[in-house]
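Residue-level structural notes
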Amino acid sequence: MEQKRIWAFGGGKGGVGKSFVAGNLGILLAQSGYNVILADLDLGGANMHTWLGVNSPMKGISEFIGREVHNIKKLLIPTDIPGLSLISGAKDGVEIANLKHTQKRRFISALRRLDADYIVIDLGAGTAYNTVDFFLLADSQVMIVIPEPTSIENAYRFIKNSFFRQIFHNSQNFGLKSVVTPILRKDNPHNVNTPKELIDYFNKLGGRATVFIEEQINSFIPKMILNQVRTERDQMVGPAMKKACLKYFNLDVKFMGHIAYDESIRKSVLERQPLAAAYPDCVPIKQLNKICANLLKDEKEFAGNNNILSQLAL
């Protein structure tokens, strides 16, 4: 593989199964022959080591951020899964609650230097800047949603906040920061509250602003996985959310598939064994294998399109 890829798994609400999905997809990638690192970025609530049956690590991300550990390789913990390593999360979320963007970039750059094909990041719940920024710094941004009103509502909020945050970060390169900053305030005078309203506002400005917003729309295509599906009606939530995002936000969200609720998941948690290792033939793992294939296929298509665009630009 020419370039390592970073997959980030987020979503507004806690308890939707981000660690479950990220961890098992990491295992499935490793079982497919890739060299994989799982990075637990649930700052303050890191539990991936428990889920993998690994003893509580002495050092994790906190120590690298605080420059107590200078070489990120020293944080790598081997697991029982061949080809899979773990980087544990922060012991105390308070100590790294206000990370500077340069610190986040330094951490992601350090991850990219590690010897791996895929780095799978498990993010915490909520829409705090730390979570959203790490989500945006990844190559593939994947949201986990469950078919419940609070999760769906939080997912829409997560999409909106992520898009607005991307606009904020990238506006400086276009010399548009002075335009963007007042718009992103809650009490903004232009009454811009949704991505669609933001897109319309930039298009009305025309010129450089229109070019900028088009670039942002094209580069912001989060993916979505629907978890804990129990009924046929539940299955419809994913495609319905994709349609709603296009209609009300003017943003494309790719639906990667759903995972059924299954008792084997609860058993694997109680047994402190990943589902992919303990119950490899269960329905959720078969569905996760399909999702993994969809994610890999999407990456190849994206890379192919980028190559075509770069050739056209020459």
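Residues numbered from 1 in each chain as written. Predicted model: local features only at pLDDT ≥ 70, side-chain atom pairs only at ≥ 80, totals over all residues. Heavy atoms only, no water.

A look at the sheet that holds strand β1 (residues 5-10)
Strand order in the open sheet formed by eight strands is β3-β4-β2-β5-β1-β6-β7-β8, with mixed pairing between adjacent strands. Looking at strand neighbours, the two that pair on one side only are β3 (76-78) and β8 (254-260), the edges of this open sheet. Each neighbouring strand pair of the sheet contributes to a mean axis angle of 25°, computed without reference to strand direction. Here strand β6 (residues 140-145) runs beside strand β7 (residues 223-229); their pairing, made up of four bridges, is parallel. Bridge pairing in β7 places Val 145 opposite Leu 226. Its contacts with the sheet place helix α5 (residues 129-137) against β1, β2 (36-41), β5 (118-123) and β6, and it is angled at close to 130° to β6. (Pairing = 2+ DSSP bridges. Helix = DSSP H or I, 4+ residues; strand = E, 2+ residues; numbered from the N terminus. Axes fitted to C-alpha atoms, helices over the stretch in contact; angles between N-to-C directions. Contact = heavy atoms within 4.5 Å.)

A short note on the packing of α5 against helix α6 (residues 149-171)
At a minimum axis separation of 10 Å, α5 and α6 run at an interaxial angle of 75°. Comparing the axis directions of α5 and α6 gives the class roughly perpendicular. For the pair α5 and α6, contact is made by Tyr 129, Thr 131, Val 132, Asp 133, Phe 135 and Leu 136 and by Phe 158, Asn 161, Ser 162, Arg 165, Gln 166 and His 169, respectively. For the contact of α5 with α6, the per-class residue count stands at five nonpolar, five polar and two charged. (Parallel < 35°, antiparallel > 145°, perpendicular 65-115°, else oblique. Nonpolar A, V, L, I, M, F, W, Y, C, P; charged D, E, K, R; others polar.)

Observations regarding the environment of Glu 148
Among the structural elements, Glu 148 can be located in the loop between β6 and α6. Distance in space between the C-alpha atoms of Glu 148 and Val 229 is 9.9 Å, their sequence separation being 81 residues.

Looking at the pattern of salt bridges
Think of it this way: side chains of opposite charge can pair up when their charged atoms draw near. Applying the stated criterion to the full structure yields 13 salt bridges. The salt bridge involving Lys 242 is made with Asp 252; its shortest N-O contact spans 2.9 Å. Residue Lys 242 is found in helix α11 (residues 237-249), and its partner Asp 252 is found in the loop between α11 and β8; the two are separated by ten residues along the sequence. Taking relative accessible area as the criterion, Asp 252 reaches 28% and is therefore assigned partly exposed. Notably, a salt bridge pairs Arg 266 with Glu 263, separated by 3.5 Å at the nearest N-O pair. (Salt bridge = Lys/Arg side-chain N within 4 Å of Asp/Glu carboxyl O. Buried < 20%, exposed > 50% of the residue type's maximum accessible area, 1.4 Å probe, protein only.)

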